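Secondary and tertiary structure notes
These are the residues of each chain, in order.
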Amino acid sequence: MLITTQRLQSENKMTDLKHFYHYTTEEGAEAIKRTGVIKQSKLGGPDGAFGSADERLLHNRFPFAIVKGQQVKRQVKSPRVYGTTLSPLVGLKEIAKNNWGHLWLKNAEEGKLEYAIYIMIPKNELIKAPSKRKIYIHKGDIILKKYKWRVCDPDFEGPEEGSESD
């Protein structure tokens with residue numbers, strides 16, 4: 001069977017994509033739809049256990065670390081966008097526990113699972129968080145026009161009209 005180069009490239013592109021879900025509030029979803037951008041967590045903000053907020057706190061309390069027996073200055077990494085590979089079909093409680101650990105109930109009650117932004121994103125643009133949880137990190141803002149994406153409604157019955165991008 002003859003396989004064309006174009007077909008191989010097309011198949012490789014499909015396998016190099018990851019299902020990425022960014023969960024957010026209604027207000028967050030509206031801003032994302034309006035701007036076409038998922039903005040990264042702010043340095044020192046309340047979100048980002050694997051990035052900006054905790055790194056800033058750790059850096060302020062302990063500006064130096066011991067690496068291989070030597071004292072080195074800690075680096076504060078850049079802000080990031082956080083998401084997961086867990087689909088809304090898994091259930092909101094499991095997603096909340098995955099995304100926020102022991103703070104899952106507080107964040108769920110604050111409405112941070114009201115909407116899911118679903119993106120087909122290249123695997124090489126994501127970093128697996130240093131955790132057993134299924135959390136992935138994207139460095140910098142996510143410009144949605146670059147990807148196939150949709151906004152899932154609060155009942156997760158499917159995409160909203162007009163929210164899919166080619």
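Above this text sits the structure in question.
Residues numbered from 1 in each chain as written. Predicted model: local features only at pLDDT ≥ 70, side-chain atom pairs only at ≥ 80, totals over all residues. Heavy atoms only, no water.

1. Thoughts on the overall build of the protein chain
- For the protein chain, the count of helices and strands is five helices and ten strands.
- In the protein chain, which comprises 166 residues, the proportion classed as buried is 39%.
- Pairs at least 24 apart in sequence give 66% of the contacts found in the protein chain among residues at least 6 apart.
- Carbon and sulfur atoms form 52% of the exposed surface of the protein chain, whose accessible area is close to 10,800 Å². (Helix = DSSP H or I, 4+ residues; strand = E, 2+ residues; numbered from the N terminus. Buried < 20%, exposed > 50% of the residue type's maximum accessible area, 1.4 Å probe, protein only. Contact = heavy atoms within 4.5 Å. Areas by Shrake-Rupley, 256 points an atom, 1.4 Å probe, with all protein chains shown as cover.)

2. With respect to helix 2 (residues 26-35)
- Looking at helix 2, one finds that the buried residues are G28, A29 and I32. An end-on view of helix 2 places all buried positions within 100 degrees of arc, on one side of the element. Along helix 2, exposed side chains directed more than 90 degrees from the buried face belong to E27 and R34.
- Elements that come into contact with the buried residues of helix 2 comprise strand 1 (17-24), strand 2 (37-38) and strand 6 (115-122).
- One or two residues past the end of helix 2 sits G36, with phi positive at roughly 75 degrees. (Arc of directions from axis to C-beta.)

3. Things to note about the nonpolar core
- Among the nonpolar cores identified, the biggest contains 16 residues, and F20, I38, I117, I119, I121, I142 and L144 are the most heavily contacted of them.
- Elements with a minimum of two residues in this core: helix 2, strand 6 and strand 10 (148-152).
- Those residues within four positions of I121 in sequence are excluded, and the remaining contacts are D16, L17, K18, F20, L126, H138, I142 and Y147.
- Of all hydrophobic cores here, the second largest spans eleven residues; its members include Y21, W100, L113 and C152. (Core = buried A, V, L, I, M, F, W, Y, C linked by side-chain atoms within 4.5 Å.)

4. Topic: the pattern of salt bridges
- Applying the stated criterion to the full structure yields three salt bridges.
- Put simply, K33 and E30 hold a salt bridge, and the shortest N to O gap is 3.3 Å. Separated by three residues within a single helix, K33 and E30 lie in helix 2, roughly one turn from each other.
- Assessed through its relative accessible area of 29%, K33 is described here as partly exposed.
- Residues E110 and K112 are paired through a salt bridge, measuring 3.6 Å at the closest nitrogen-oxygen approach.
- Judged by relative accessible area, which is 40%, E110 ranks as partly exposed.
- Accessibility expressed as a relative area gives 15% for K112, which makes it buried. (Salt bridge = Lys/Arg side-chain N within 4 Å of Asp/Glu carboxyl O.)

5. Examining the side chain of H22
- Relative to the helices and strands, H22 resides in strand 1.
- Overall, the relative accessible area of 14% leaves H22 in the buried class.
- Of note is the side chain of H22, whose polar atom sits 2.8 Å from the backbone oxygen of Y82.
- Once residues within four sequence positions are removed from consideration, H22 is found in contact with I32, I38, V81, Y82, G83, Y115, A116 and I117. (Polar contact = N/O pair within 3.5 Å; in protein donor to acceptor, adjacent residues only side chain to side chain.)

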